Number of protein chains: 2
Amino acid sequence: MILVVTANPALDVTYAVSSLTPGAVHRAASVHRRAGGKGVNVARVLHTLDVPAMTVAACGGGDGALVRADLRTAELPHVLCDLAGCTRRTVTMLAAAEDTVTLVNEPGPEFSPSEWRAVVATVHGLLDHASVLVCAGSLPPGVPSDAYAELIGLAHRHGVTAILDTSGAALSAGIVARPHLVKPNVEELREVTGIDDPLAGARELRLRGAGAVLASLGAAGLLLVAERGAWRARPTHPVRGNTTGAGDAAVAGAALEMAGGRPWPEVLRRAVAVSASAVLGPFAGDIDLDHHRREHSAVTVEEIHAACVDV
Amino acid sequence: MILVVTANPALDVTYAVSSLTPGAVHRAASVHRRAGGKGVNVARVLHTLDVPAMTVAACGGGDGALVRADLRTAELPHVLCDLAGCTRRTVTMLAAAEDTVTLVNEPGPEFSPSEWRAVVATVHGLLDHASVLVCAGSLPPGVPSDAYAELIGLAHRHGVTAILDTSGAALSAGIVARPHLVKPNVEELREVTGIDDPLAGARELRLRGAGAVLASLGAAGLLLVAERGAWRARPTHPVRGNTTGAGDAAVAGAALEMAGGRPWPEVLRRAVAVSASAVLGPFAGDIDLDHHRREHSAVTVEEIHAACVDV
């Protein structure tokens, strides 16, 4: 079972608008609400791929109740700790005329120390049944930046593979605990390392503690840098759609192959195939299964011998 | 007591963002939630002006519970009928860098016939205690476009002054019941009459049944056209701020003076003073009381003898 911690879950609300004009009043043609946050997206993709996954998070308030209800409806196994504060909401505006995706994210409620301890204890209790632990997304206010490092440390003690997908201080502090894989995108890599070249940035993250680095390069595909090599793969052809959640889908693909103990090029191939199929899904966490099957057999993984890569 | 019907109430959520860029991901620096919808804004302004007002609406779901709780917290007297669907939400993005106010409004839940009948019965039961009935805002899905006409008819039978502030089909159908005052803005006036000049448009609305027409001309102030004259007034100086809710504040000002049986120029003076003071309030429904006092004594009302007006 893949255990997915979503430190800062959200109710994702998507409004379809004909056009988005700053300063104007818009009427949403449709409203779509569902449980979100990086970890929930990862778990949703794994569920679609028929891979057992368990979501651990903490929720509260009205939007927390909607998150809980949606996980139940979607049949995503979950353990949700209680939160006194109200779960945050993300607002996505899909503008048809300009083909843009605009997001406004609420910061999320402050966690008390005991609320975060409940999440840690839940993860601890479930690690014996897990093959992979995924720590995904931002840390909420009130949770220390080394919170993921503690969870990764617990994973090591249980012989569980640890994947970290976060950014900024949570990434810098989490990497010290030596996760088996981290998945930054190019901006997150640049922010944390100060290095423009993704290959050099990924190597820097390995020096800081990451076992391997899966860097998403947007439409240019993904890069994987491990101890004994570096590889790159890209979708067989460009896909247009909603790129929100494509990185989360890559994490789901990587987790699936790492749970099977597969070699890095296969981890990368799967990550690219799942990620490309997520762009075709209407909302973050959705994938197009047919596209995934086609991509998985068609994607070529190329070993990198160069000193840097083009993105 | 002023009875305010909010057919389609909302939970108004305001996000402060540094800048709003279509296609980008934004983090809300602050999140402000409160009960809204035109009628609630009118009642909130009346409450601030120490005028007894009663809000009648129907609410449901999580956001309906938040609307109910906020009305209680704000000490706004209310009777809320139950709704099976979930109360809509409006999302306002205040972008500091560009000084823009961008709104996305959810359409709102469908009312069943019995849910709307409960609102009508509640209004009917309260009309004996009312001096003015305000029908404010859009009609929700499932409610016929002549719904306000029925309420205005009930008001006439109880000798209660009726004010209508809505747009489109609800305005066209409501006006037939001869409300004492309607308050369109210039766009609403143009949409319903097809006439560009606000004075001519207002006269057209009188021909269609309105006792008087209070037309808001944005920064150019307000225009009032009644049976025996037409008047115009504007703020003493331009005010910058959040114009959302300025029209609702004008309705509150008009309702207050009409409840006291005051002449039209005084209705107009008050409407301009309250409306200008609303632009200085941080959120729709807020007014700056000091500014209102100063404006009310300083605003000059000018009688119109011309055939048309500049806006």
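Per chain, residues are indexed from 1 in the order of the written sequence. By the order in which they are written, chains take letters starting at A while ligands take numbers starting at 1. In keeping with the predicted nature of the model, local features appear solely for residues at pLDDT of at least 70, side-chain atom pairs appear and are counted solely at 80 or more, and the whole-chain, interface and lining totals rest on all residues. Hydrogens are left out, water is left out, and the side-chain values use all remaining heavy atoms of the structure.

Caption draft 1: A look at the overall build of chain A. Numbered from the N terminus, helices here are DSSP runs of H or I no shorter than four residues, and strands are runs of E no shorter than two. When helices and strands are tallied, chain A shows ten helices and 15 strands. Our radius of gyration is a C-alpha quantity, and the globule rule it is checked against amounts to 2.2 Å times the number of residues to the power 0.38. The C-alpha radius of gyration of chain A comes to 18 Å, within 12% of the 19 Å expected for a compact globule of 311 residues. Overall, chain A is about 50 × 45 × 35 Å in size when its C-alpha atoms are taken along their principal axes. Relative to its 311 residues, chain A shows a buried fraction of 59%. Contacts: residue pairs with any heavy atoms within 4.5 Å of one another. Here the contacts in chain A between residues at least 6 apart in sequence split such that 66% fall between residues at least 24 apart. When accessible area is computed with a 1.4 Å probe and restricted to protein chains, residues below 20% of their type maximum are described as buried, those above 50% as exposed, and intermediate ones as partly exposed.

Caption draft 2: Fine view of the pattern of salt bridges. Between Lys or Arg on one side and Asp or Glu on the other, a salt bridge is scored when a side-chain nitrogen of the former is within 4 Å of a carboxyl oxygen of the latter. Across all of its chains, the model carries 30 salt bridges over all chains by this definition. We note a salt bridge from Arg190 of chain B to Asp196 of chain B, for which the minimum N-O separation is 3.1 Å. Glu266 of chain B is paired through a salt bridge with Arg269 of chain B; the nearest N and O atoms lie 3.1 Å apart. Separated by three residues within a single helix, Glu266 of chain B and Arg269 of chain B lie in helix H9 (residues 264-279), roughly one turn from each other. Like Glu266 of chain B, the residue Arg269 of chain B is buried in the burial classification. What you see here is one network of salt bridges that share partners, running through Glu257, Arg262, Glu266, Arg269 and Arg270 of chain A.

Caption draft 3: Highlighting the sheet that holds strand E6 (residues 78-82) of chain B. Residues and elements named next belong to chain B. The ten strands are arranged E6-E5-E1-E9-E10-E11-E12-E13-E14-E15 in an open sheet whose pairing can be described as mixed. Of all strands in the sheet, those bounded by a partner on one side alone are E6 and strand E15 (301-303). A strand pair is defined by DSSP finding two or more bridges across the two strands. Pairing between strand E1 (residues 2-6) and strand E9 (residues 132-136): five bridges, direction parallel. Across the sheet, Val5 pairs through a bridge with Cys135, a residue of E9. Whenever a helix is involved, its axis is fitted only over the stretch in contact; in every case the axis is a line through C-alpha atoms, and angles between N-to-C directions fall within 0 to 180 degrees. Helix-sheet contacts for helix H8 (residues 246-259) involve E1, E9, strand E10 (161-165), strand E11 (181-182), strand E12 (212-216) and strand E13 (222-226), and the interaxial angle to E10 is about 170°. Set on the sheet, H9 makes contact with E11, E12, E13, strand E14 (229-233) and E15; between it and E13 the angle comes to about 160°.

Caption draft 4: How the structure looks around the sheet that holds strand E3 (residues 25-27) of chain B. One open sheet accounts for five strands, arranged E4(A)-E2(A)-E7(A)-E8(A)-E3(B); its pairing is mixed. Each edge of the sheet is formed by a strand with only one pairing partner; in this case those strands are strand E4 (30-36) of chain A together with E3 of chain B. Direction aside, neighbouring strands of the sheet carry axes that sit 20° apart on average. As paired elements, strand E7 (residues 88-95) of chain A and strand E8 (residues 100-105) of chain A share six bridges and run antiparallel to each other. Its bridge partner being in E8 of chain A, Leu94 of chain A is matched across the sheet by Val101 of chain A.

Caption draft 5: Seen up close, the packing of aromatic side chains. Residues and elements named next belong to chain A. Here the aromatic set is Phe, Tyr and Trp, taking the six-membered ring for Trp, and pairing holds for ring centres within 6.5 Å; pairs whose planes are under 30 degrees apart are stacked, those over 60 apart are edge-to-face, and all others are tilted. In the structure shown here, the tally under the stated rule is two aromatic pairs over all chains. On the basis of an interplanar angle of 65° and a centroid distance of 6.2 Å, the ring pair of Phe111 and Trp116 is categorised as edge-to-face. The buried category is assigned to Phe111, whose relative accessible area is 3%. Overall, the relative accessible area of 4% leaves Trp116 in the buried class.

Caption draft 6: Quick look at the interface of chain B and chain A. At the interface, 25 residues of chain B touch 25 residues of chain A. Between chain B and chain A, a total of about 2,200 Å² is buried, with carbon and sulfur atoms accounting for 59% of that surface. Run the count over chain B and chain A and you get two salt bridges. Under this definition, polar contacts are N or O atom pairs within 3.5 Å; protein pairs additionally need one hydrogen-donor-capable and one acceptor-capable atom, and for neighbouring residues in sequence, both atoms have to be side-chain atoms. Run the count over chain B and chain A and you get 14 residue pairs in polar contact (both at pLDDT 80 or more). If you list the elements that add at least two residues to the side of chain B that touches chain A, you get strand E2 (10-17), E3, strand E4 (30-36), strand E7 (88-95) and strand E8 (100-105) of chain B. The biggest single contributor to the side of chain B that touches chain A is E8 of chain B, with six residues. Classification used: nonpolar for Ala, Val, Leu, Ile, Met, Phe, Trp, Tyr, Cys and Pro, charged for Asp, Glu, Lys and Arg, polar for all others including Gly. Considering only residue class, the side of chain B that touches chain A consists of 14 nonpolar, six polar and five charged. Two elements, E8 of chain A and E3 of chain B, share three bridges in a ladder whose sense is parallel. When two components associate, each loses some accessible surface as probed by a 1.4 Å sphere; the sum of these losses over both components is called the buried area.

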